[in-house]
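Chain residues, written in single-letter form:
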Amino acid sequence: MSSLFKHYNPLRWGREQSLEAELEKATSFEEWHAAAEKLDALTGADLWRRREASRRYNHASIRRRLDRLLKLRTEGHDAGLLFALNEGIHGNMAGMGNANLYTRALCGTKHLIEDYVEAINDSLLHLAGDHTGLTLQQRLEFFRRASHCYGRSALMLSGGGTLGYFHFGVLKALIEQSLCPVVISGASAGSFVAAVVGTRTDSEYLALFKDDFLVRTMTENRDNLKLGLRMDKEVDVPAVRREMARMIPDMTFQEAYEKTGRCINITISPSEPKQESRLLNHIASPNVTIRSAVLASAALPGVFPPVMLEARDDSGEICPYLPNLRWIDGSFSQDLPAKRLARLYGVNHFLVSQVMPVVGRRDARRPELYHILSDAVSAATKVFVRGSLDAAQRYTRVGPRTGSMLNLFNGLIDQQFSGDINIFPNYGLGRLSQLLKVLSEEEMRDIVLSGERGTWPVIPAIRTTTRIGRTLDSILHQFDLNEAHWLATAPKTEAFRGRQKVQRKPRARKASVKKTVAGSRQRGTTAGQTRA
């Protein structure tokens, strides 16, 4: 009876409600984390973190590996440490990547898992130093192999009209904690936010929030733009370009990458049948202008006309890119382009910022019958709709425009709208009325803060699950810098100078040929004059 009373203790319940209210009203991560620590202590989640045992993962295996790493570090056995790490570095070692291990407590997962990740991180940094007994070639091969096997994380920003400004808050929260992935994709409204952050350094991006600069800039609407379906006239595209230019610099994907090091990716959908969707980035389309990519990715049919891409040519002038093709909203074909990011960058861990309240929800710690039935109905509906669309295209005659719309809708139905770690807003379906609305300053502040508040609860999980990948990328980057510096400052050897002479000889011959030709012309002219 006493345990039952303790479980239903109204004082404890009231305290929990009070702390949960503090979490919802927090205005910074520090405020949120302080309340989260108190709530974990009240609910016993902190005790759960200290207990190593759990059926969610093989805690005995993690403990053995941790003890072995610590012993090798203490003994200074670098070759043994390299061998132990070579046995396998991946995010789901012994089940420690289980999502349920990161939802039980607000402030983190099992201390054993965090200690193990910390030990691997310290070991990697130790082996990256020059004071080990290992050769540079051994270490470099190991780090490249480990990075390839472990993979990296990417942040995918969904579409969602003006609700996409939620992503601004998500990125602010991640950058403040130094947790923003290098690889970022965006579709539709997400492409605009990806372009804003992808053309700015961390400090430049955070500066947008000082004195409400971002809020004021995004809500001024100097050209009095009006958006919406079934409007009397088309949107003034030049006005949209002018508004966009206030936040997105005139840069290509390659120029943005060289400035910030961020790999931004923007999805676009074809406007005609028999075209394929594209993922624009500094690898596949380095000379395409980011502004034209965003304009295409946000070209919602019925609101914006299809868009032609633009690129910067070798003389620096803006010119059409694939001038015979037109593109529309990227969300129709690949709102979250996980497969293409995996192929291009070796991404195997996805953070998703999903602003549409109808396509996602936070994972329940213990799914109720309603959630199970809801997922089953959703899956069955997708199968039925996909089959109906396929039958309509196979057995009925439709025009090219109708066929294109059926293809787009089929692609939309078939997409996956979540990832490994999902960031969802706390607003409901009522916000859908703001989908194509120019927001007021108050609404803009509210939705950016919603993005921050939606991100804070997953910060501990992101910090733990991405730490090894971030360390490997940082080590390899430093190796590349050191190698470039060494090549630039190395003394020029005799062999190197010999190669330079060989490379200069063809140019000298060309010059001498030109002089010979010119001399021959002069001699020919003189001879002609003499003969005349």
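Residues numbered from 1 in each chain as written. Predicted model: local features only at pLDDT ≥ 70, side-chain atom pairs only at ≥ 80, totals over all residues. Heavy atoms only, no water.

**Student:** Break down the overall build of the protein for me, with residues and values.
**Tutor:** Of the regular secondary structure elements, the protein holds 22 helices and nine strands. Out of the 532 residues belonging to the protein, those deemed buried represent 43%. By sequence separation, contacts in the protein at least 24 residues apart represent 77% of the contacts at least 6 residues apart. When the accessible surface of the protein is summed, it comes to about 29000 Å², and 54% of that surface belongs to carbon and sulfur atoms. (Helix = DSSP H or I, 4+ residues; strand = E, 2+ residues; numbered from the N terminus. Buried < 20%, exposed > 50% of the residue type's maximum accessible area, 1.4 Å probe, protein only. Contact = heavy atoms within 4.5 Å. Areas by Shrake-Rupley, 256 points an atom, 1.4 Å probe, with all protein chains shown as cover.)

**Student:** Tell me about the packing of helix 7 (residues 111-128) against helix 8 (residues 136-150), residues and numbers included.
**Tutor:** At their nearest, the axes of helix 7 and helix 8 sit 10 Å apart, and the two run at 145° to each other. Of the residues in helix 8, those touching helix 7 at Leu124, Leu127 and Ala128 are Arg139, Phe142 and Phe143. (Axes fitted to C-alpha atoms, helices over the stretch in contact; angles between N-to-C directions.)

**Student:** Pulling in residues and values, what's your account of helix 7?
**Tutor:** Side chains three or four residues apart in an α-helix point the same way, a direct result of the helix having 3.6 residues per turn. If you check helix 7, its first and last C-alpha atoms are 26 Å apart, about what 18 residues at 1.5 Å a residue would give, namely 26 Å. For helix 7, the full list of buried residues reads Leu112, Ile113, Tyr116, Val117, Ala119, Ile120, Asn121, Ser123, Leu124, His126 and Leu127. (Expected span 1.5 Å × (residues − 1).)

**Student:** How would you sum up the packing of helix 10 (residues 189-198) against helix 15 (residues 290-297)? Please name residues and give values.
**Tutor:** Interaxial distance between helix 10 and helix 15 falls to 8 Å at its minimum, and their mutual angle equals 160°. Between helix 10 and helix 15, the angle falls in the class roughly antiparallel. Remark: the crossing between helix 10 and helix 15 carries left-handed chirality. For the pair helix 10 and helix 15, contact is made by Ser191, Phe192 and Ala195 and by Ile290, Val294 and Ser297, respectively. Across the contact of helix 10 with helix 15, the residue classes tally to four nonpolar, two polar and no charged. (Parallel < 35°, antiparallel > 145°, perpendicular 65-115°, else oblique. Left-handed = near helix turned anticlockwise from the far one by under 90°. Nonpolar A, V, L, I, M, F, W, Y, C, P; charged D, E, K, R; others polar.)

**Student:** Can you explain the side chain of Thr252? Please cite residues and give values.
**Tutor:** Here Thr252 is to be found in the loop between helix 13 (237-245) and helix 14 (253-260). For Thr252, a relative accessible area of 4% gives the class buried. Among the polar contacts made by the side chain of Thr252, one reaches the main-chain carbonyl oxygen of Pro286 at a distance of 3.4 Å. Apart from the residues lying within four places of it in its own chain, the contact partners of Thr252 are Pro286, Asn287, Val288, Thr289, Ile290 and Arg312. (Polar contact = N/O pair within 3.5 Å; in protein donor to acceptor, adjacent residues only side chain to side chain.)

**Student:** For the packing of aromatic side chains, give the residues involved together with the corresponding values.
**Tutor:** For the structure shown, the criterion picks out six aromatic pairs. Ring geometry for Phe142 against Phe143: centres 5.2 Å apart, planes inclined by 55°, an arrangement best described as tilted. No difference in accessibility class separates Phe142 from Phe143, as the two residues are buried. By the ring-pair criterion, three or more aromatic residues cluster together here, those being Phe142, Phe143 and Phe479. Positioned above the aromatic ring of Phe209 is the side chain of Lys172, whose terminal nitrogen or guanidinium carbon lies 5.6 Å from the ring centre. (Phe/Tyr/Trp six-rings, centres within 6.5 Å; stacked < 30°, edge-to-face > 60°. Lys NZ or Arg CZ within 6 Å of the ring centre and 35° of its normal.)

**Student:** Which residues make up the pairing of strand 2 (residues 183-187), and what values do they have?
**Tutor:** Summarising burial for strand 2: five of the five residues are buried, a large majority. The alternating pattern of strand 2 places Val183, Ser185 and Ala187 and Ile184 and Gly186 on opposite faces, both of which are buried. Bridging between strand 1 (residues 152-157) and strand 2 involves four bridges; their strand directions are parallel. Of the residues in strand 2, the one forming a bridge with Leu157 is Gly186. (Pairing = 2+ DSSP bridges.)

**Student:** Could you give an account of the confidence of the model for the protein, naming the residues involved and the relevant values?
**Tutor:** Taken over all residues, the pLDDT of the protein has a mean of 81, while the share at 70 or more is 73%. The model gives residues 364-368 a pLDDT under 50, and that stretch makes six contacts with residues more than four places away or in other chains. (pLDDT = per-residue confidence, 0-100.)

**Student:** Which residues make up the pattern of salt bridges, and what are the values?
**Tutor:** Tallied over the full model, the rule gives 20 salt bridges. Among the ionic pairs, Arg152 bridges to Asp473, the shortest N-O distance being 2.8 Å. In this pair, Arg152 is assigned in strand 1 and Asp473 in helix 21 (residues 459-489), connecting sequence segments 321 residues apart. For Arg152, a relative accessible area of 22% puts it in the partly exposed group. One salt bridge connects Arg312 with Asp250, and the closest N-O pair in it is separated by 3.4 Å. Placement of Arg312 in strand 5 (residues 309-312) and of Asp250 in the loop between helix 13 and helix 14 is noted, with a sequence separation of 62 residues between them. The network of salt bridges with shared partners includes Glu52, Arg63 and Asp67. (Salt bridge = Lys/Arg side-chain N within 4 Å of Asp/Glu carboxyl O.)

**Student:** Account for the pairing of strand 6 (residues 318-321), naming residues and giving values.
**Tutor:** As paired elements, strand 5 and strand 6 share four bridges and run antiparallel to each other. The partner of Ala311 across the bridge, within strand 6, is Cys319. Counted along the chain from strand 5 to the antiparallel partner strand 6, the turn is five residues long, and its residue Gly316 has a positive phi close to 90°.

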